[in-house]
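# Notes for the structure review
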Amino acid sequence: MRRDRKLVFDVICLVLAAACGGTPDIHHQKWRKMGSSFSSPSPAISKLGSSIIFPVYGNVYPDGLLLLQILLRSSLPWIYPPRPCFLDPDIGSDLTWLQCDATCIRCTTGFDPLYRPSNDLVVCKDPLCASLHSSDYTCDNPEQCDYEVEYADRGSSLGVLVNDFFALNSTSGLRLSPRLTIGCGYDQLAGSTDHPLDGVLGIGKGKSRNGGFPFFGEDIYDSSRVTWTLMSYESSKHYVAGLAELRFGGKRTGFKNLNVMFDSGSSYTYFSSHIYQAVLSLINKDLRGKPLKEASDDQTHPLCWKSKKLFKTVREVRKYFKSMAFSFSNGWRTRAQFEVPPEGYLIISSKGNACLGILNGTDVGLENFNMIGDMFSYQDKFVIYDNEKHMIGWMPADCHQRLKYSIASL
């Protein structure tokens, strides 16, 4: 598989509401970080004029986790039906792996039986293997490509790369069986934000890319409605937009030249310390004279507010809070504005209070970066990563509406 093939659009539309029936039992997750690199897409997929769509289950609160479902095809599909696997979709890392029966030394709790790999190992001299490691890496076994990835919560996966044939159902009705490369993880350690999963879907921006599981295609959205901004050329692995200006209630705040990174592996959004404190100040100043008080007894998040009447839905916060936005420069006179309404950055706690869903990123080691997680960026939006044109785009979308396409299976 060549490394110089271009990747078609990755389209993510995640529903940040209560999950539908059949949702797995998921637990709270905080910030996940960047891992290693991965592989390039099959040419059969790249030539498609259609998309491949996967369902996503979960919510930002109270579970704090979104899981993508794939269907693994049996080697005897006429006897055994496909079985689901639940992966953590993460654009902050590039390696996609499944917990693997190889035999598994240490495997964390998952929802389904372990993936049984093929015997088609990626050899150490393969360019895909080289993209995973530094230039001075030496192979312990030339017949296989080992990998090891560690996340910010100290969770990790150790395994080998394997090739396998999967079945993909496209929105046009075509069925493909591309040969794809994934990680076969046989030694996993749970991190501090441990939760059940069958693996991780890494769709980051590395030199080599995962062509197996991303949301491919561009026929499920109207490109004329998309707002685009350039990706930063200073980051070769992560989805970092150009420098942004923070706006609150449609007005400028004076905070400019902000580094903004998109990461679906994070449930919440993190602002650098000085921006986080500025946002708190802006919100509290705007709430003066309004019938809300700080709910110091609510420990759901660092900052919550209560009203005389309990909040029942997040949409009720609109009459008290203002929208905020990141404004990106697209030239001398044009700007791309990523606007988020109050229900996009607030959650309703179990006590009926409105809690801020933005956290202090400096506390978790993000330094001067502002990281846009599931909450804030993906609520009723298509977020599009165009790696050919080096652009990030977004548009309004009703992600609750059932798509009229077949769900992709692997």
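Report on the accompanying structure. (Residues numbered from 1 in each chain as written. Predicted model: local features only at pLDDT ≥ 70, side-chain atom pairs only at ≥ 80, totals over all residues. Heavy atoms only, no water.)

A separate point is the nonpolar core. F262, I283, F321 and Y345 are the most contacted members of the largest nonpolar core, which has 59 residues in total. Per element, the largest residue contribution to this core is 5 residues, and it comes from helix α3 (residues 273–286). Within the second largest apolar cluster, 17 residues are counted, among which are L65, Y147, V149 and V200. (Core = buried A, V, L, I, M, F, W, Y, C linked by side-chain atoms within 4.5 Å. Buried < 20%, exposed > 50% of the residue type's maximum accessible area, 1.4 Å probe, protein only. Helix = DSSP H or I, 4+ residues; strand = E, 2+ residues; numbered from the N terminus.)

Spatial ordering of the open sheet is given by β15-β14-β20-β21, a layout of 4 strands whose pairing is antiparallel. Edge positions in the sheet fall to β15 (251–252) and β21 (335–340), since each has one partner strand and no second. Two elements, strand β14 (residues 244–248) and β15, share 2 bridges in a ladder whose sense is antiparallel. In the sheet register, R247 faces β15, and the bridge partner there is R252. (Pairing = 2+ DSSP bridges.)

What follows is about the sheet that holds strand β22 (residues 346–348). Reading across from one edge, β18-β19-β23-β22 is the order of the 4 strands in this open sheet, with antiparallel pairing throughout. Looking at which strands have only one partner, the edges of the open sheet turn out to be β18 (292–294) and β22. Across the sheet, the axes of successive neighbouring strands diverge by a mean angle of 30 degrees, strand direction being ignored. The sheet contact formed by β18 and strand β19 (residues 304–307) spans 3 bridges and is antiparallel. Counterpart to K293 in the pairing with β19 is K306. (Axes fitted to C-alpha atoms, helices over the stretch in contact; angles between N-to-C directions.)

Turning to the packing of aromatic side chains, a few remarks are in order. Each aromatic ring pair is summarised here by two numbers: the centre-to-centre distance and the angle between the ring planes. Inspection of the entire model under this criterion finds 7 aromatic pairs. Plain terms: the ring middles of F271 and F326 are 5.6 Å apart, the flat faces sit at 75 degrees to each other, and that makes the pair edge-to-face. Note that F271 is positioned in strand β17 (residues 269–271) and F326 in strand β20 (residues 324–329), a separation of 55 residues in sequence. Owing to a relative accessible area of 1%, F326 belongs among the buried residues under this scheme. Between the aromatic rings of F338 and W394, the centroid separation amounts to 4.9 Å while the plane-to-plane angle is 75 degrees, which identifies the pairing as edge-to-face. One end of the pair, F338, is in strand β21; the other, W394, is in strand β27 (residues 391–396), with 56 residues separating them in the sequence. A network of ring pairs unites the aromatic residues F262, F328, F338 and W394 as a single cluster. In this arrangement the basic side chain of K381 is found over the ring face of F338, its NZ or CZ atom lying 5.1 Å from the centre. (Phe/Tyr/Trp six-rings, centres within 6.5 Å; stacked < 30°, edge-to-face > 60°. Lys NZ or Arg CZ within 6 Å of the ring centre and 35° of its normal.)

Turning to the pattern of salt bridges, a few remarks are in order. What the rule picks out here adds up to 8 salt bridges. Put simply, D187 and R106 hold a salt bridge, and the shortest N to O gap is 2.7 Å. Taken together, the residues span a long stretch of sequence, with D187 in strand β10 (residues 179–189) and R106 in the loop between β5 (97–99) and α2 (127–132) at a distance of 81 residues. Here K290 makes a salt bridge to D286, at a shortest N to O gap of 3.1 Å. Given a relative accessible area of 26%, K290 falls into the partly exposed group. (Salt bridge = Lys/Arg side-chain N within 4 Å of Asp/Glu carboxyl O.)

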